[in-house]
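What follows is the residue order along each chain.
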Amino acid sequence: MANKLIIFSYDFPPSNGGIARLCQEIAVGQQAYFEEVIVLTRKKVGESNPYNFNKVQIIEFPNKRIHCEKAAFVYLRKINNKENYTILCGVWHPEATISILAGFKNVFILGHGTEFLSGTSKFRKYIWLFIYAKWILGKAKAIIANSNYTKCLIESINSKVKVVALPLGVNEEFFKPSKLKNNNDNFLKIASVSRILQFKGYDFIAKTIANLSEEYKSKIHWNIGGTGSYLEDLIKLVNQLGIAKNVSFHGFIPDEALPDFYNSNDIFVLCTREATNSTSVEGFGLVFLEAQACGIPVIGVRSGGIPDAIEDGNGGWLIEQDNESRLAELFQCLIDNKELVVKEGKKARIRVVEKANWKKYNESLYKILTN
């Protein structure tokens, strides 16, 4: 049986995206099971290293894609006794392709969502996914999907592959409640943090706040963390809607500051959209778990893999996409009933501790990798 694990992912800290953070937690968590865990990634300069970054053995290849792929192939090709290694690939292309071409059989692939969508591209639909992805997925021992939504996407490309839905986890010791919250008034502090892109639904939240009555609008403050291509447009929209006094932009928030950011708010809201013929989707939504681990109830949308990150009525609420009346109703209810905020926050924390932490995720992942 393979006793060494290679995690091959271009996305890895100091990159700060969801795939990078997932691969980092796997690299740390799988050390309890494998004799050796090695990470192969591209050399990069990023904005932040995670709290457990120094616990991982990393081999970096050149940053430029073509040089990186050549170096990775040469490195993997030279490894002897390949049967002693399990390779877990961050995505199916190019990591899994390189691993398979280098002669490895024990190849597993992480599935996230967006990479299995074709959008409006006929090339992606009929060549990239239908032929190329179908072939690579068929060569893997298994694909580990981050949600049931992603599992269905993968099966629509190749119905014969082994796909396991394994919803993500969170470090409940790092993300935990603190004393920063003050639930004693009827003022509602809302948090949102992610890459600020149009499909994330920030405009929907802004318009919902703007359309509240003055009585409720005056009792809401929205704290936004993150950067992205939609940030300037969002700032303009906030000003146009006349809610600038209700909104604070905090910019990029490094990992070490995230627990305090969540804890300084009452609820977490992110209303990502899923659109036909789009390649933008929330494959899971790790930020929802991070907030819940801090004892913060969450509001999300029934789109993509978000329903695997939120249990409606158990530490959070799921609403239909772009349902402004329902979101407004929740805002008003939580302003009027801060005891409900506290109650759902406690339930959110319990849910994460019992069902959705990285220890449980890595235990399940190891069983998949070794069966």
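Our subject is the structure listed above.
Predicted model only: the values in this text are computed from it and were never measured.

> Quick question: what am I supposed to make of the overall build of the protein chain here?
Broken down by element type, the protein chain carries 13 helices and 13 strands. In summary, the protein chain has a C-alpha radius of gyration of 21 Å against a globular reference of 21 Å for 371 residues, a match within 12%. In terms of overall dimensions, the protein chain has C-alpha extents of about 70 × 45 × 35 Å along its principal axes. Out of the 371 residues belonging to the protein chain, those deemed buried represent 55%. Sequence separation of at least 24 residues holds for 70% of the intrachain contacts in the protein chain that already meet a minimum separation of 6. Roughly 16100 Å² of accessible area belongs to the protein chain as shown, and the carbon and sulfur atoms make up 50% of that amount. Side-chain charges of the protein chain comprise 46 positive and 38 negative groups, with the mean position of each set lying 7 Å from the other.

> Looking at this structure, how should I read the state of the cysteines?
Disulfides are covalent bonds that link the sulfur atoms of two cysteine residues. Evaluated as defined, the whole model comprises zero disulfides. This cysteine, Cys23, is not joined by any disulfide, and Cys89 carries the nearest cysteine sulfur, 9.5 Å off.

> Would you mind going over the pairing of strand 1 (residues 4-8) with me for this structure?
Along any regular strand the residues' side chains alternate between the sheet's two faces. Of all five residues making up strand 1, four are buried, and the element is well covered by its neighbours. Direction of pairing for strand 1 relative to strand 2 (residues 36-42): parallel, over a ladder of five bridges. Each residue of the ladder has a partner; that of Ile7, found in strand 2, is Val39. Sheet topology note: the strand 1/strand 4 (residues 85-89) ladder contains five bridges and is parallel. Of the residues in strand 4, the one forming a bridge with Lys4 is Tyr85.

> Got a minute to help me understand the environment of Gln332 in this structure?
Residue position: Gln332 is located in helix 11 (residues 324-336). Its relative accessible area of 27% is what places Gln332 among the partly exposed residues. In this structure, the C-alpha to C-alpha distance between Gln332 and Tyr366, residues 34 residues apart in sequence, is 44 Å. Excluding its chain neighbours within four sequence positions, the residues that come into contact with Gln332 are Leu212 and Tyr216.

> Can you help me understand the sheet that holds strand 8 (residues 188-193) in this one?
Hydrogen bonding along the main chain pairs the strands of a sheet, whether they run parallel or antiparallel. Strand order in the open sheet made by the six strands is 10-9-8-11-12-13, with parallel pairing throughout. Of all strands in the sheet, those bounded by a partner on one side alone are strand 10 (247-249) and strand 13 (316-319). On average, adjacent strands in this sheet sit at an angle of 25° to one another, irrespective of strand direction. In the sheet, strand 9 (residues 220-225) pairs with strand 10 via three bridges, with the strands oriented parallel. Bridge assignment links Trp222 to a residue of strand 10, and that residue is Val247. Running over the sheet, helix 8 (residues 231-240) touches strand 9 and strand 10 and is turned about 160° from strand 10.

> Would you mind showing me how to read helix 1 (residues 18-29) here?
An α-helix turns once every 3.6 residues. As a result, residues three or four positions apart point the same way. For helix 1, spanning 12 residues, the distance from its first C-alpha to its last is 16 Å, which sits close to the expected 16 Å at 1.5 Å a residue. Summarising burial for helix 1: 10 of the 12 residues are buried, a large majority. Among all positions of helix 1, only Ile19, Ala20, Arg21, Leu22, Cys23, Gln24, Glu25, Ile26, Ala27 and Gly29 are buried.

Parameters and conventions
- Residues numbered from 1 in each chain as written.
- Predicted model: local features only at pLDDT ≥ 70, side-chain atom pairs only at ≥ 80, totals over all residues.
- Heavy atoms only, no water.
- Helix = DSSP H or I, 4+ residues; strand = E, 2+ residues; numbered from the N terminus.
- Rg over C-alpha atoms; globule rule 2.2 N^0.38 Å.
- Buried < 20%, exposed > 50% of the residue type's maximum accessible area, 1.4 Å probe, protein only.
- Contact = heavy atoms within 4.5 Å.
- Areas by Shrake-Rupley, 256 points an atom, 1.4 Å probe, with all protein chains shown as cover.
- Lys, Arg positive; Asp, Glu negative; His and termini not counted.
- Charge placed at Lys NZ, Arg CZ, Asp CG, Glu CD.
- Disulfide = S-S within 2.5 Å.
- Pairing = 2+ DSSP bridges.
- Axes fitted to C-alpha atoms, helices over the stretch in contact; angles between N-to-C directions.
- Expected span 1.5 Å × (residues − 1).

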